[in-house]
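Okay, here's what each chain looks like letter by letter:
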Amino acid sequence: MKTKTFPHGIHPPEGKEPTAEKTLEFMPHPEKVVIPLHQHFGNPAEPLVKKGEEVFLGQKIGEATSLFSASVHASVSGKVLSVDGHNHPLGKPVLSITLANDGEDRVRPDWEKTVDPFVLEPDQIRQKVKEAGIVGLGGAAFPTAVKLTPPKDKPIDTVIINGCECEPILTADYRLMMEYPDEILRGAELVRIATGADRILVGIEDNKKKAFDLIQQKTAPYSAEVFLVKTKYPQGAEKNLIYALLGREVPRGGLPFDVGVVVQNVGTAKAIWDAAKIGKPLYERALTVSGNGIKEPKNLIVRIGTPFLAVTDYCGGLNEDVNIIIMGGPMMGLSQWALDAPVIKGTSGVLAWTSPKPVAEFACIRCGRCVEHCPMGLVPTQLMKYVKYDQLTGAEDWGALDCVECGSCQYSCPAKIPLVHWIRLGKNQIMSQKRKKSA
Amino acid sequence: MSEKAFIIQSSPHFQGKDSVPKIMFIVIIALLPAVAASVYYFRLRAVGLYVSCLAACFATEAIFLWARKKPLHSLWDGSAVITGLLLAMTMPPTLSLELAVIGSVVAVAIGKQVFGGLGHNIFNPALVGRAFLQTAFPVAMTTWIPPATLNVDIMTYATPLGNLKFEEAVIQGTLTPIKELFWGNTGGCIGETSAIALLLGALLLFFKKTIDWRIPTGILLALSAFTGIFWLAGPDKYAPPYFHILAGGLLIGAFFMATDMVTSPIYSKGTWIYALGIGIMIGLIRMFGGFSEGVMYSILFMNTFVPLLNRTFRPRILGDRRKPS
């Protein structure tokens, strides 16, 4: 079968060998978890518990405040130690609930099991997803219930399950596909029911052929089809994957809804199934701990709120000379200034390595490689210049807001210019100008 | 452990291996066969030109970086070396070393640094230096001697293109044989005569993907088509396209000068227009202009259009509903 793909993109070193064949391990739960009330795209949740209260595992401790928000749940049973600001992977303090683990995993008594989730109505599925606080687990952490609620005027025909895992080093999604293929497909089926789509397409990069073979054997009961896509970064970026599989282009500034598509990551699909079938809220997730600064790289299932330090300690600790810690993948992840930030719903990996001395930046020689590799068809060097010289109108006109910050431009830049940094800055400035205007 | 501070940086945290100095280094390596050929054919005269141009370009670059308080690591990006090499290669063997130095200073100072240094110049710096010399010292820039390998003791000698233009070489049947053009055993600027040496270097650039293949392809296509039409119509009056490709500065221009990243368009559509424009201009100047050679002015002329081309022919943004330009 011919592998599908999108134009442009890059081929960074994959670096998946250290963990690819390591099965997902349940990490022992730490003595203390720190659960931020803001782990998703949108508004933070409101705390539902006070200091000193006892909580069950999976008990809702933060309530979604609006449509674009998500509830958070206790990831251990125990006592609330504090509700206050704590360091967050985004780098600044966020209101968080700290729990002391009593080690008993006492389950919320009212977990709502469903005998056959496939008979649920779309609204019931959405409700369960919302109650479980599920957000996109690929990294962007967009509230999933919103994604399952297409506007009436935009009929959905296709659900795409994203098994690309195009970020180098990360292997957690691959392990999920190898170890929980049934749950993923069942979750996909629920997404299909909730959105009224006709079919499910699963896209898997061709460096994960084993996962492709396995899932393909199991698609029979569902209206699902599995496709191998080319191993190329950023194949798993929503808009590029839609183009690769369907040839449809999400309009600029639009959403996959606009072309009749809903995209869900494999981990999210599994979480949706767990929520519908056994009423399990999103209180743990799969992630990869790797990079050559980690002594024993592993794929783990970790409770939300586990501090990074506990995660790295469980993986044998860090090598002495580690000077960089990344949450997420090497292309789009966030660098961490300390190890006390907790694992959140969007944590797809914890990576550590020793970064060589930063290379000197040269002038842009207009080689055009950033243009050649940009999966969105932008001109990163031009955007960089506009932002650098405060010409935001120019930056917006040249598509700054279309940038998905995948980093392909900067990766291929021979002058080592921090292009993504400049474009991100420009996007922020443009958006805050817009907010000021509308206010 | 938790007190340890880590590096905070903006994503991506992976960086490709290519760098500006590496790109420049490959171009320098690619120029070496032609440099060797020029030394073989023009001996010490060539060596003198290389030494003066390289030293003068490097010194000018250093002085400007220092005066503009720019980081001195830019000195090692290799661009001054390339400018020096290319400028020397496009000089006639008879040129005095003082003029070579003047040309080098103009190339780096006026051609590049006044615009803001590497990446900001509009014109190819080496060609700016050469155009200055050509205008200021026209006689010195067009006095040719035969290569040392010919062992003839004459003071002046026509280049293949001069021969074609001013001596009616096609009608007289004295057109320079292709074999001599191929090996470089003929008159001309020191680095432009040997087609084989230039093509060897070009092969490396293609293989390493250092240059945009569209530029030489477009130039060669346009020039072949333009000169080919006349040749087909009157083979007894006009030189064949392959003569135009192998003679004069076409190869060094098409592969090493028009392809300068800074002064060529960024995306494919504009690149094609730029390349085809250069090819046609060369044909026009060579066949109908006052000069026998037109590569330098054609490239400089099309360089002026690059900002316009970059602005007009933008790539299409994914999901753009408007018609692509």
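Basis of the calculations
- One numbering rule holds for all chains: residues counted from 1, following each sequence as written.
- All chains are assigned letters beginning at A, and all ligands numbers beginning at 1, according to the order in which they are written.
- Where totals are concerned, whole chains, interfaces and linings use all residues; where local detail is concerned, this predicted model gives features only for residues with pLDDT of at least 70, and gives and counts side-chain atom pairs only at 80 or more.
- In this scheme the burial state of a residue depends on its C-beta neighbours within 10 Å: 20 or more other such atoms mean buried, 12 or fewer mean exposed, and anything in between means partly exposed; the C-beta positions come from the backbone.
- Strands here mean DSSP runs of E at least two residues long; helices mean DSSP runs of H or I at least four residues long; both are numbered from the N terminus.
- The pairing criterion for strands is at least two bridges between them, as found by DSSP.
- Note on geometry: axes are C-alpha line fits, over the in-contact stretch for helices, and angles between N-to-C directions span 0 to 180 degrees.
- Just so you know how the angles are binned, under 35 degrees is roughly parallel, over 145 roughly antiparallel, 65 to 115 roughly perpendicular, and the rest oblique.
- In a left-handed crossing the near helix is turned counterclockwise from the far helix by less than a right angle, and in a right-handed crossing that turn is clockwise.
- Here the contact rule is simple: place C-beta atoms from the backbone, and any two residues whose C-beta atoms are within 7 Å are in contact.
- All the domain ranges listed were derived from an automatic or database domain assignment.
- Gly is placed with the polar residues, together with every amino acid not listed as nonpolar (Ala, Val, Leu, Ile, Met, Phe, Trp, Tyr, Cys and Pro) or charged (Asp, Glu, Lys and Arg).
- The predictor's confidence in any single residue is recorded as pLDDT, a number from 0 to 100.
- Throughout, the arc means that of the directions going from the helix axis to the C-beta atoms.
- Nonpolar cores are built from buried Ala, Val, Leu, Ile, Met, Phe, Trp, Tyr and Cys residues. These are joined into a set through C-beta atoms within 7 Å.
- Working rule for helices: expected span equals 1.5 Å times residues minus one.

1. What about the pairing of strand β13 (residues 284-290) of chain A?
Residues and elements named next belong to chain A.
Now for step 1: Of all seven residues in β13, seven are buried; the element is thus mostly enclosed.
Now for step 2: The alternating pattern of β13 places Glu284, Ala286, Thr288 and Ser290 on one face and Arg285, Leu287 and Val289 on the opposite face, and all of these are buried.
Now for step 3: Of the pairings in the sheet, the one linking β13 to strand β14 (residues 298-303) comprises six bridges and is antiparallel in character. Considered in β14, the bridge of Glu284 is made with Arg303.

2. Some details on the packing of helix α4 (residues 125-136) of chain B against helix α13 (residues 295-303) of chain B
All names here are of chain B.
Now for step 1: In contact at an axis separation of 10 Å, α4 and α13 are set at 125 degrees when each is read in the N-to-C sense. In terms of axis orientation, α4 runs oblique to α13. Read as a crossing pair, α4 and α13 show a hand that is left-handed. For the pair formed by α4 and α13, the contact residues are Leu127, Arg130 and Ala131 on the first element and Met296, Ile299 and Leu300 on the second.

3. Observations concerning the domain arrangement of chain B
Residue and element names in this part refer to chain B.
Now for step 1: Domain boundaries assigned for chain B yield domain 1 (20-136) and domain 2 (148-312).
Now for step 2: Between domain 1 and domain 2, the C-alpha centre-to-centre distance is 21 Å.
Now for step 3: Elements supplying a minimum of two residues to the side of domain 1 that touches domain 2: α1 (20-67), α2 (79-89) and α4.
Now for step 4: Of the residues forming the side of domain 1 that touches domain 2, the biggest block, 17 residues, is contributed by α1.
Now for step 5: For the side of domain 1 that touches domain 2, the per-class residue count stands at 27 nonpolar, five polar and two charged.

4. Quick word on the sheet that holds strand β7 (residues 78-87) of chain A
Residue and element names in this part refer to chain A.
Now for step 1: Ordered in space as β2-β8-β7-β4, the four strands form an open sheet in which the pairing is antiparallel. Each end of this open sheet is capped by a strand with a single partner; those strands are β2 (32-36) and β4 (54-55).
Now for step 2: In this structure, β7 lies alongside strand β8 (residues 93-101), joined through nine bridges in antiparallel fashion. The residue bridging Gly85 from the neighbouring strand is Leu95, located in β8.

5. Remarks on the confidence of the model for chain B
Now for step 1: Mean pLDDT over chain B: 92, with 97% of residues reaching 70 or higher.
Now for step 2: Scored as a complex, the prediction yields pTM 0.91 and ipTM 0.89.

6. Concerning the environment of Lys237 of chain B
Residues and elements named next belong to chain B.
Now for step 1: Relative to the helices and strands, Lys237 resides in the loop between α9 (214-233) and α10 (241-246).
Now for step 2: Along the chain, Lys237 and Ala169 lie 68 residues apart, while their C-alpha atoms are 9.0 Å from each other.
Now for step 3: Apart from residues lying up to four places away in sequence, Lys237 is in contact with Val170 and Ile171.

7. With respect to the interface of chain B and chain A
Now for step 1: Counting residues at the interface gives 37 residues for chain B and 50 residues for chain A.
Now for step 2: Of the residues belonging to the side of chain B that touches chain A, the class tally is 17 nonpolar, 13 polar and seven charged.

8. A look at helix α6 (residues 209-217) of chain A
Residue and element names in this part refer to chain A.
Now for step 1: Along α6, the positions that sit buried rather than exposed are Ala211, Phe212 and Ile215. Buried residues of α6, viewed axially, fall in a sector of 100 degrees; they line one side. Residues Lys209, Asp213 and Gln217 are exposed on α6 and point more than 90 degrees away from its buried face.
Now for step 2: In this structure, the buried residues of α6 make contact with β9 (158-163), α4 (172-179), α5 (181-195), β10 (199-205) and β11 (224-229).

9. Regarding the nonpolar core
Generally speaking, soluble globular proteins have nonpolar side chains that are buried together.
Now for step 1: Judged by nonpolar contacts, the single largest core of 231 residues is most densely connected at Ile272 and Leu383 of chain A together with Ala88 of chain B.
Now for step 2: Sorting elements by how many residues they give to this core places α1 of chain B first, with 18 residues.
Now for step 3: Leaving out residues up to four positions away in the same chain, Ala88 of chain B has contacts with Leu49, Tyr50, Cys53, Ala100, Ile190 and Gly191 of chain B.

10. What about helix α14 (residues 419-438) of chain A?
Residues and elements named next belong to chain A.
Now for step 1: For α14, built from 20 residues, the straight-helix expectation of 28 Å at 1.5 Å per residue is met to within 8% by its first-to-last C-alpha distance of 29 Å.
Now for step 2: Leu419, Val420, Trp422, Ile423, Gly426 and Lys427 are the residues of α14 that are buried. The buried residues of α14 occupy an angular sector of 160 degrees when projected down its axis, which confines them to one face. Summarising the geometry of α14, the exposed residues directed more than 90 degrees from the buried face are Asn428, Ser432, Arg435 and Lys436.

11. Here we look at unusual backbone geometry
Now for step 1: The peptide bond linking Tyr233 of chain A to Pro234 of chain A adopts the cis configuration, its omega dihedral lying at -5 degrees.
Now for step 2: Of note, the amide linkage connecting Ser11 of chain B to Pro12 of chain B takes the cis form, showing an omega dihedral of 0 degrees.
Now for step 3: Locating Pro12 of chain B in the fold gives a position in the segment before α1.
Now for step 4: Positive phi values are uncommon outside glycine, yet Asp105 of chain A reaches one of about 50 degrees.
Now for step 5: Assignment of secondary structure puts Asp105 of chain A in the loop between β8 and α2 (122-131).
Now for step 6: The exposure class of Asp105 of chain A is partly exposed, given the 15 C-beta atoms found within 10 Å.
Now for step 7: Positive phi is not limited to glycine here, since Ile169 of chain A has a value of about 70 degrees.
Now for step 8: Of note, Ile169 of chain A is situated in the loop between β9 and α4.

12. Overview of the sheet that holds β11 of chain A
All names here are of chain A.
Now for step 1: Read from one edge of the open sheet, four strands run β11-β10-β9-β12, paired in parallel fashion. The strands lining the two open edges of the sheet, one partner per strand, are β11 and β12 (261-265). When strand polarity is set aside, the average angle formed by the axes of neighbouring strands in this sheet is 25 degrees.
Now for step 2: In this structure, β9 lies alongside β12, joined through five bridges in parallel fashion. Across the sheet, residue Ile160 finds its bridge partner in β12, namely Val263.
Now for step 3: In the packing of helix α8 (residues 266-278) onto the sheet, the strands contacted are β9 and β12, and the crossing angle to β12 comes to about 90 degrees.

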